[in-house]
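# Summary of the model geometry
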Amino acid sequence: MSANETHYCSCLTFEDLDPAVQKVLNSQVRGVLLKSAKWPDRSVIRIRFLDGDPALQQRVRKAANEWDKLVNLTFSFDQRRPSDARIAFQQGKGSWSYLGTMCKSIPEPQPTMNFGWLTNESSDEEVRSVVLHEFGHLLGLTHEHFNVKGGGIEWNRDAVIRDLSGPPNNWDADTIEHNMFQKFRDAEIYNTVMDRESIMMYPIPAAWTLNGMSIGFNSVLSEQDKKFVQTMYHN
Ligand SMILES: [Zn+2]
């Protein structure tokens, strides 16, 4: 698989919020990222589907349950309002999610998570992979390639920018900067040593790094993913 065939999830963070919502949050917290996106213990997260075929919705619920089993939170799929998180299947709009409790700042009926390339024809591996990844964002996890503990990734910036500006992602310069190269302060995040096997890691072709390092397509939760969320949401 090359970068040119791979869809990348875009995880939405503070900067993506409506300026009015940012203002409210700014008065409460600084550097709204992982720590501030963490759900209180034993939260029941009410999740509503905005569209999508019932069979596909069921496949999403089944995959999401892998996370739910590990944490002291409850994913409550419920079509009633109000909801905390809302899932759409808008084709061609990419796959993305807001992080953690940030979803609560998004007004009904806007989606907080989108599956832009899942259909009834998608393979089980594809559904599982993208659902576990986006629900990782719902738990407040950010992309593992932002993790610099253990050295991080030596990016070949020009190659990353060139590939992601083209199809199928077609990201503009700001989006690439935001999704690939943003840096968090230690105080803003909980992290472990970078985990190449994490479901929150992008596939990274060797051409994107300066030292030939590459990362394959991860479609299951890694042991460290499981341990990490169990620590964060001690079950
Ligand atoms: Zn993502």
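Every value quoted in this text rests on a predicted model; they were computed, and no experiment measured them. (Residues numbered from 1 in each chain as written. Predicted model: local features only at pLDDT ≥ 70, side-chain atom pairs only at ≥ 80, totals over all residues.)

## Re the overall build of the protein chain
Threshold: Helix and strand definitions follow DSSP, with helices as H or I runs of at least four residues and strands as E runs of at least two, each counted in order from the N terminus. A pair of residues counts as a contact when their C-beta atoms, built from backbone coordinates, are separated by no more than 7 Å.
The number of helices and strands found in the protein chain is six helices and six strands. The order of α-helices and β-strands along the protein chain, N terminus first, is β-α-β-α-β-β-β-β-α-α-α-α. Looking at the protein chain alone, contacts between residues at least 24 apart form 78% of all its contacts between residues at least 6 apart.

## Comments concerning the nonpolar core
We count it as follows: Think of a nonpolar core as buried Ala, Val, Leu, Ile, Met, Phe, Trp, Tyr and Cys residues, each tied to the set through C-beta atoms within 7 Å. With C-beta atoms placed from the backbone, a residue is buried if 20 or more other C-beta atoms are within 10 Å of its own, exposed if 12 or fewer are, and partly exposed between those counts.
Judged by nonpolar contacts, the single largest core of 49 residues is most densely connected at Trp67, Ala85, Val131, Phe135, Leu139 and Val229. Elements represented by at least two residues in this core include exactly β2 (44-49), α2 (54-68), β4 (85-88), β5 (96-98), α3 (124-138), α4 (157-165) and α6 (223-232). Counting residues per element, this core draws most heavily on α3, at six residues.

## As for the pairing of β4
Side chains on a regular strand alternate between the two faces of the sheet. Note the cut-off: We call two strands paired when DSSP finds no fewer than two bridges between them.
Pairing of β2 with β4, which is carried by three bridges, proceeds in the parallel orientation. Residue pairing in the sheet places Phe49 in a bridge with Ile87 of β4.

## Considerations on the environment of Ile189
If you trace the backbone, Ile189 turns up in the loop between α5 (173-180) and α6. With 47 residues separating them along the chain, Ile189 and Thr142 place their C-alpha atoms 9.2 Å apart.

## What about the environment of Tyr190?
By the element assignment, Tyr190 lies in the loop between α5 and α6. Note on Tyr190: 14 C-beta atoms within 10 Å, which makes it partly exposed. Taking C-alpha positions, Tyr190 is 8.5 Å from Met232, a pair spaced 42 residues apart along the chain.

## Quick notes on α3
In an α-helix, one turn spans 3.6 residues; hence positions three or four apart end up facing the same way. Put simply, the rule reads: Expected helix span is taken as 1.5 Å per residue step, with the number of steps being one fewer than the number of residues.
Between the first and last C-alpha of α3 there are 21 Å, a value that for 15 residues agrees with the 21 Å anticipated at 1.5 Å per step. Most of α3 sits out of view: eleven of its 15 residues are buried. When we look at burial in α3, the residues that qualify are Val127, Arg128, Val130, Val131, Leu132, His133, Glu134, Phe135, Gly136, His137 and Leu138.

## Description of unusual backbone geometry
Arg81 connects to Pro82 through a cis peptide bond whose omega is -5°. Structurally, Pro82 can be placed in the loop between β3 (74-77) and β4. Pro167 connects to Pro168 through a cis peptide bond whose omega is 5°. Relative to the helices and strands, Pro168 is located in the loop between α4 and α5. Of note, the phi angle at Asn170 is positive, near 55°, even though the residue is not glycine. Note that Asn170 resides in the loop between α4 and α5.

## Remarks on α2
Its 15 residues place the ends of α2 20 Å apart at the C-alpha level, agreeing with the 21 Å of an ideal helix rising 1.5 Å per residue. At its buried positions, α2 is contacted by β3, β4, α3 and α6.

## Here we look at the confidence of the model for the protein chain
Detail in the predicted coordinates should be disregarded across regions flagged by low pLDDT. Convention followed: As a per-residue measure, pLDDT tells how confident the predictor is, with possible values from 0 to 100.
Here the protein chain averages 85 in pLDDT, and 87% of its residues register 70 or above. Mean pLDDT values over the elements of the protein chain span from 53, in helix α1 (residues 19-26), up to 98, in β2. Low pLDDT, under 50, characterises residues 25-33; the stretch is placed with 14 contacts to residues that sit more than four places away or in other chains.

## Some points on the pairing of β3
Examined bridge by bridge, β2 and β3 share four bridges and lie parallel to one another. Opposite Val44, over in β3, you have Thr74 as the bridge partner.

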